[in-house]
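Residue strings, one per chain:
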Amino acid sequence: MHIVVRESDEEVGRYAADVIAQIVRRGGATIGLATGSSPMSTYAELIRLHKEEGLSFADTQAFTLDEYVGLAPDHEQSYHKTIRDAIVDHIDLPLSHLNTPNGVAENLVAEAERHESNIRKAGGVDVQLLGIGNNGHIGFNEPSSSLASRTRVESLTQSTIDANARFFENPDDVPRLCITQGLGTIMECGVALLVAQGESKADAIAAMVEGPVTASCPASVLQFHPHAIVVVDEAAASKLKDRAYYDLAQANRERLIANGGTL
Ligand code: GLP
C-alpha cells in the first residue's frame, strides 16, 4: 500500500484528484465513485480541474459503489442523487455514463447482478475512489463480508445505520438494506484510492494498514491489491505505528515521479 499523509482535508483532496485526473486524461477511462463525506474534497478539486483547467470527463464512464434499497434514484438521500449533487452535475460527464444500482428495482438480486455485469462489460474500473466506515467497511461491505464477495444485496450494521442517521430527518428512515459492490468486485479495479480524514477514522485506518487481513475489517483486503493508495490527513494517520517509513517511502516515490516515473 502507498500511504500518503497530508496536512489538511483540502490537500488530501488535491492529491487524490490528481491521481484520478491522470487516469481520466489518458481518455476512455472508467472511474469508480464513492459517496460519503470523505471524497468531497476530492470532488471539489476535480470540479475545479474541470472548470479551470479543462479536465474533461466527456468520454469517461462512472460506476458507483453502492445504493440504499428502498430509495428511488431521485430521493434526496439516494446515492444516485448524492453523487450527482457532489460531482456529476458539475462536470461534463454525460448522465448516461453514470451507472448506479437502482434501489427500487423490482428484482434486487438481478439488479445487483446487472451492476456487476455492467462493470465487467465496461472493461473494469480503472480507478476506484473509496472512503472507509468507522468499522472498516468499504462500499457497504460490513464486517463479516466475504473477502471474495461480489455485488449483492446486503444488510447494514447498526453502527452504519447510526452513523448515516445524520442525513435523514428521522433515524427510522435510514434504510436497512443496500446493494453494494463486493470486496472481490472492488479488488479488480486498476488503482484503489482510499481517502480518510479525522480522528474518528484513525482506528479503522490503522487496522486496515497494519492489522491482519480479515473480514472483521473489510478494508484490510486492500493489502492484497497490487496498487492501493491510501491518502489520509494527520488525524486519520495518528494511530499508524510505522509512520516514519510511510513518509520516507512516499518521499522516495515523489522523487521517482519527479524524475519521469509514473505513479
Ligand atoms: C457510507 C458509504 C461508504 C463510505 C462510508 C464513510 O456508509 N457506503 O462508501 O465510505 O459510509 O462515510 P463518510 O465518508 O461520510 O465518513
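Note that the coordinates shown come from a computational prediction; the quantities given were computed from them, not determined experimentally. (Residues numbered from 1 in each chain as written. Predicted model: local features only at pLDDT ≥ 70, side-chain atom pairs only at ≥ 80, totals over all residues. Heavy atoms only, no water.)

## Examining the site of the ligand
To be explicit about the condition: The near set for a molecule or strand comprises every residue that places at least one heavy atom within 4 Å of it. Two N or O atoms form a polar contact when they lie within 3.5 Å of each other; inside protein one atom must be a possible hydrogen donor and the other a possible acceptor, and for residues adjacent in sequence the pair counts only when both atoms belong to side chains. Per-residue and other accessible areas were derived by the Shrake-Rupley procedure at a 1.4 Å probe size, with only the shown protein chains allowed to occlude residues. By the convention adopted, Pro, Cys, Tyr, Trp, Phe, Met, Ile, Leu, Val and Ala count as nonpolar, Lys, Arg, Asp and Glu as charged, and the other residues, Gly among them, as polar.
Inspection of the region around the ligand gives 14 residues, with S37, S38, D66, F140 and K201 positioned closest. Interatomic distance of 2.5 Å between a side-chain N/O atom of S38 and an oxygen atom of the ligand. With respect to the ligand, the side chain of K201 contributes an N or O atom lying 2.6 Å from an oxygen atom. When the free accessible area of the ligand is taken as 390 Å², the share hidden by the protein chains comes to 93%. Taken together, the residues of the shell around the ligand sort by class into three nonpolar, eight polar and three charged.

## With respect to the layout of surface pockets
What counts is decided by this rule: The way it works is a 1 Å grid over only the protein atoms, where trapped points that fit a 1.4 Å probe form a cavity and open points with protein on both sides within 12 Å along at least five of seven lines form a pocket, and then any residue with an atom within 4 Å of a point lines it. Grid points are joined across faces, edges and corners, and a volume is the space filled by probe spheres set on the points. Secondary structure follows DSSP: runs of H or I at least 4 residues long count as helices, runs of E at least 2 residues long count as strands, and numbering of each begins at the N terminus.
Taken as a whole, the largest pocket encloses approximately 660 Å³ of empty space. In this structure, the largest pocket is lined by 34 residues; those nearest its centre are T35, G36, S37, N164 and R166. At the level of secondary structure, the elements contributing two or more residues to the lining of the largest pocket comprise strand 4 (66–68), helix 3 (79–86) and helix 5 (158–164). The residue makeup of the lining of the largest pocket, split by class, is twelve nonpolar, 17 polar and five charged.

## Description of the sheet that holds strand 10 (residues 228–233)
Going by this rule: Any two strands between which DSSP finds at least two bridges are classified as paired. A contact between two residues is defined here by any heavy atoms of the two lying within 4.5 Å. Here the axes come from fitting lines to C-alpha atoms, over the contacting stretch only for helices, and the angles between their N-to-C directions go from 0 to 180 degrees.
Across the sheet, which stays open at both edges, the seven strands sit in the order 1-10-9-6-2-3-5 with parallel pairing between neighbours. Across the chains shown, the open sheet's two edge strands, defined by having one partner strand only, are strand 1 (2–6) and strand 5 (98–99). Of the pairings in the sheet, the one linking strand 3 (residues 61–64) to strand 5 comprises two bridges and is parallel in character. Looking at strand 5, one finds that F63 is bridged to N99. Along the sheet face, helix 1 (residues 9–25) touches strand 1, strand 2 (30–33), strand 6 (127–130), strand 9 (191–196) and strand 10 and points at about 160° away from the line of strand 9.

## Considerations on the sheet that holds strand 7 (residues 152–155)
Spatially, the three strands line up as an open sheet ordered 4-8-7, and their pairing is antiparallel. Edge positions in the sheet fall to strand 4 and strand 7, since each has one partner strand and no second. Each neighbouring strand pair of the sheet contributes to a mean axis angle of 30°, computed without reference to strand direction. Of the pairings in the sheet, the one linking strand 4 to strand 8 (residues 177–180) comprises three bridges and is antiparallel in character.

## A closer look at helix 8 (residues 243–258)
Along an α-helix, residues three or four apart share an orientation, since each turn contains 3.6 residues. We count it as follows: Working rule for helices: expected span equals 1.5 Å times residues minus one. Residue exposure (1.4 Å probe, protein chains only): buried if accessible area is under 20% of the type maximum, exposed if over 50%, otherwise partly exposed. Arc definition: it is the arc formed by the directions from the helix axis to the C-beta atoms.
The end-to-end C-alpha separation of helix 8 is 23 Å, in line with the 22 Å expected for 16 residues at 1.5 Å each. Within the span of helix 8, buried status applies to Y246, A249, Q250 and R253. Here the buried residues of helix 8 occupy an arc of 100° about the axis, which is enough to place them on one side. In this structure, helix 8 carries A244 and A258 as exposed residues pointing more than 90 degrees from its buried face. Buried residues along helix 8 sit against strand 1, helix 1 and helix 7 (202–210). Phi turns positive one or two residues past the end of helix 8, at G260, with a value near 100°.

## Here's the deal with the packing of aromatic side chains
Rules: Any pair of Phe, Tyr and Trp rings, taking the six-membered ring for Trp, is counted once the centres come within 6.5 Å. Such a pair is stacked with planes under 30 degrees apart, edge-to-face with planes over 60 apart, and tilted for the rest.
Counted under the stated rule, the structure contains five aromatic pairs. Taking the centre distance of 4.7 Å and the plane angle of 45° together, the rings of Y68 and Y79 count as tilted. Of the two residues, Y68 is situated in strand 4 and Y79 in helix 3; the sequence distance between them amounts to eleven residues. The two residues Y68 and Y79 agree in class, both being buried. Aromatic pair Y79 and F140: ring centres 5.7 Å apart, planes at 15°, arrangement stacked. Note that Y79 is positioned in helix 3 and F140 in the loop between strand 6 and strand 7, a separation of 61 residues in sequence.

## As for the pairing of strand 2
Keep this limit in mind: Handedness of a crossover: with both strands directed away from the viewer, a clockwise path from the first strand across the helix to the second marks it as right-handed.
Covered by surrounding structure in strand 2 are T30 and G32 together with I31 and L33, the residues of both alternating faces. Considered for its hand, the β-α-β crossover made up of strand 2, helix 2 (residues 40–53) and strand 3 is right-handed. In this sheet, strand 6 lies alongside strand 2 in parallel orientation, the contact comprising two bridges. When the sheet's bridge partners are listed, I31 is paired in strand 6 with V127.

## Observations concerning unusual backbone geometry
If a residue is not glycine, its phi is most likely negative; likewise, a peptide bond is most likely trans. Residue S144 is not a glycine yet carries a positive backbone phi of 95°. In this structure, S144 sits in the loop between strand 6 and strand 7.

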